[in-house]
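# Observations on the three-dimensional arrangement
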Amino acid sequence: AAPYNHREIEEKWRKEWEAHPINVNDGKKPKYYCLDMFPYPSGNGLHVGHWRGYVISDVWSRYKMLNGGHYIIHPMGWDAFGLPAENYAIKMGVHPAVSTADNVSKIKSQIKQIAALYDWDMEVNTTDPNFYKWTQWIFVKMFKAGLAYEKEMPINWCPSCKTGLANEEVVNGKCERCGAEVTKKNLKQWMLKITAYADRLLNDLDKLDWPEKVKKMQTDWIGKSHGAEVDFPVEGSDEKITVYTTRPDTLHGATFMVLAPEHALAAKLATPENKEAVEKYIYEASMKSNVDRLQDKEKTGVFTGTYAINPLNGAKVPIWLSDYVLADYGTGAIMCVPAHDDRDFEFARKFNIPIIQVIAKDGKEIENMEEAYTDASGTMINSGEWNGMESAVLKKEAPVMIEKMGIGRKTVNYKLRDWVFSRQRYWGEPIPIVHCPKCGCVPVPEDQLPLLLPEVESYQPTGTGESPLADIDWWVNTTCPVCGAPAKRETNTMPQWAGSSWYFLRYVDNKNDKELVSREKADKYLPVDMYIGGVEHAVLHLLYSRFYTKFLCDIGVIDFDEPFVKLFNQGMITGKNGIKMSKSKGNVVSPDDLVRDYGCDSLRMYELFVGPPELDSEWDDRGIDGVNRFLNRFWNLVMDNKDSGVQATKEMVKVRHKMIHEITTRLENFSLNTVISGFMEYTNKMVDMARNGGIDKETLQTAVILLAPFAPHIGEELWRQLGGTDSVFHAVWPVADKAAMADDEKEVAVQVNGKTKLVVTVPVDISKEDAIAEGKKALEAAGKLSGTVVKEIYVPGKIINIVVKP
Ligand code: ANZ
Ligand code: ZN
């Protein structure tokens, strides 16, 4: 037979599929929406790491087509606003729209090499006015619903990109994009009130078929905690300081208080002799990012000179300032219980503040405390009327008790913050708001959307905190949509997350100029059944998308409130030694040569073979040889045996069903690397069978269907070689028959004089003579047969009994 020629067959089937698409919507098939996280069209093109997710999603799509006969919605688009295109424009003077279009066409042709089922009719691009019209429309709807508001606040500021950053864009105190140290700057910001959805975002995680790891990350990000606020009067003044604590049970152990340096009272509390030190400390803290402040390092702080009164027992507690307390969490002030909190313990040690233990450890007071005792378990001590109570019980009851005493109240707190939604950059969606001196903030009327991004002369951020749009007078100066008075446009643009928070809704109705998505199409094709992408998006993008979906559900655009039913996060493909592939590190492996030399099918399979798909895996070019050899072997197996006319033996049927079972189970579990090794294993078995008497056609056809989602070209070719007249992707995924898989061997008890001595495994259809011989051999080997054999009994499939006389 002809040898495997990947170039020839891949070209042949590409053409055929192009002319006769295999994934057609006949209106009757059930839909299955399998989505990739859409890429940012960077100028660097695709490397083998990018392929991984796209191969996984394509394998899954094709599998769902075969198993269940689904019409597959598998779109692709471009998340094309953002900094790199703008930075390139600043450097090269090329308009971001131009470089973006170039990059899109380049990446699109590279993506086509993967031979994925993408439906390019559904393509979207977040920078297309027909798309961002709806991104702006959602903003207007949120504004009208009171979910978008302006607020003056210190934002994370990247001095190098000259832009504000969301908390999520600050990695270890550095700008996620450029690596520069992040500082703070006070600016008027547009905020989205995602906190209004905190409880729903938290509770609805239960509905999702997502990796537990991701659910945990979202849970922690939302960070709901239960506790109490307690009011501490300031000694010698009418002021009081309210603290937030999750451990009101430890109130008797509060030996000092700490306020965030930004706390409204921070400077005011300083006594004259402490004023200078306090002011210096406040200034220094203002220059640090939140992330920096939370990182493990030596505690710093300053005493204000002032005391507060513990409202429970009247104790005098010194008030300190320290940057380990964050201004924007809880009340920005805490009561400190060094005996039971690590950070407070460290602080108390450093500044010689008394430590009072209020929960007994193992029933005792610790003599020389070396570290805080942080378990909320044990009996209360040194706690006045609370002595003898169980701390775990008190922890729950104290908030209510405190409320009754009138010294505080029960509260709930969230780590989740409202979303800073403005950027001081050019290449983003203009925020559709007009500032009118009389009417305040007025949204651009919905029928005037999209509000187009105007051309500018300089893309350079102004660095004053304003976007380059602020320099375009004709654009900035407008009239108020409500009263007609001269007014000014908002000049901030939206963050890149804006478009990606809802793009998955648009694919199924991407040409609709009346609605974001028609209700009919939304009902029919949404939500996304399977979402595949990198784990780096576990919180941000996935939380924002859930928020947008809930909002759009609330205003009736769609009828579901969770966007992604199932989620799979793939790990990264890295270069040698686990180093991230990047152009700057010079370790990028391009798929182009590999496709040329080994074919698309080999590369697809190797992408999966490198390691468990949910983990990072190191790329090694050499490994692709092995996968390619396997495909050659498989090719030869089918081609050499397709016309053999061999009838299936029981053994062949058994191997066939075991193969179906193994491959399907591994695939369903997303253990895709072991699917590939499973193919190798079963191909060896089939080759052995073929050598020893031949192999039947149905087993070969079955193997081809199983392989097709992974290696579609070779799958299609071999399917036709085996007599298929229609595409292999219109075949039906085989079902494993448990009975046919059953082994034809049985365990039989071997007895001497009716007493079981051991067990042997024999073929079910073994003859009486052979069975008895097996039994005797096993007994002798175990030294359990002596005397003279007088009788030999075989109860088929059950017992071998040797009767002996001494
Ligand atoms: C007293 C106490 C005693 C505390 C104890 C803990 C252990 P969650 O909500 O779970 O993160 N805290 C409150 N506001 C803070 C802020 N703005 N910056 C830094 N820390 C703050 O934890 C809430 C606990 O973190 C609160 O309970 C408070 O310290 C601290 F044995 O109060 B605790
Ligand atoms: Zn007005």
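Residues numbered from 1 in each chain as written. Chains lettered and ligands numbered in written order. Predicted model: local features only at pLDDT ≥ 70, side-chain atom pairs only at ≥ 80, totals over all residues.

Identification of the protein as Leucine--tRNA ligase from Eisenbergiella porci is taken from an unreviewed UniProt entry. Regarding the protein, the UniProt comment filed under Subcellular location (unreviewed entry) reads as follows: "Cytoplasm". (UniProt positions renumbered as here; feature names shortened; annotations may be inferred.)

Here the focus is the sheet that holds strand β6 (residues 163–165). What the four strands build is an open sheet, ordered β6-β5-β9-β17; its pairing is antiparallel. Strand pairing shows two members of the sheet lacking a second neighbour, β6 and β17 (419–420), which therefore form its edges. Bridge count for strand β5 (residues 148–158) against β6 is three bridges, and the pairing is antiparallel. Each residue of the ladder has a partner; that of W157, found in β6, is G164. (Pairing = 2+ DSSP bridges. Helix = DSSP H or I, 4+ residues; strand = E, 2+ residues; numbered from the N terminus.)

Right, let's get into the pairing of strand β15 (residues 333–336). Neither face of β15 is open: one carries A333 and M335, the other I334 and C336, and all of them are buried. Sheet topology places strand β12 (residues 256–259) next to β15; four bridges connect them, and they run antiparallel. Across the sheet, M257 pairs through a bridge with M335, a residue of β15. (Buried ≥ 20, exposed ≤ 12 C-beta atoms within 10 Å, placed from the backbone.)

So, about the domain arrangement of the protein. The domains assigned to the protein are domain 1 (29–131 + 501–571), domain 2 (137–213 + 418–489), domain 3 (225–413), domain 4 (600–613 + 621–740) and domain 5 (743–805). In this structure, domain 3 and domain 5 have C-alpha centres spaced 78 Å apart. (Domains from an automatic or database assignment.)

The subject of this paragraph is the site of ligand 1. Around ligand 1, a shell composed of 17 residues is seen, among which S225, T245, R247, G330 and H340 lie nearest. Elements with a minimum of two residues in the shell around ligand 1: β11 (240–245) and β15. Across the shell around ligand 1, the residue classes tally to seven nonpolar, eight polar and two charged. (Near = placed C-beta within 6 Å. Nonpolar A, V, L, I, M, F, W, Y, C, P; charged D, E, K, R; others polar.)

Going from L449 to P450, the amide bond is cis rather than trans, its omega being 5 degrees. For P450, the location among the structural elements is in the loop between β19 (440–443) and α12 (473–476). The omega angle of the peptide bond from L526 to P527 is 0 degrees, so this bond is cis rather than trans. One can find P527 in the loop between α15 (519–525) and β22 (528–534). Phi is positive for N577, which is not a glycine, with a value near 60 degrees. Along the chain, N577 turns up in the loop between β24 (573–574) and α17 (591–598). We note that F670 has phi near 60 degrees; this positive angle belongs to a residue other than glycine. Mapped onto the secondary structure, F670 falls in the loop between α20 (650–668) and α21 (672–691).

Burial of helix α18 (residues 600–609) is extensive: 10 of the 10 residues sit out of reach of the surface. Looking only at α18, the buried set comprises C600, D601, S602, L603, R604, M605, Y606, E607, L608 and F609. Each element contacted by the buried residues of α18 is listed here: α1 (6–19), α2 (48–66), α17, α19 (624–641), α21 and α23 (712–721). (Contact = placed C-beta atoms within 7 Å.)

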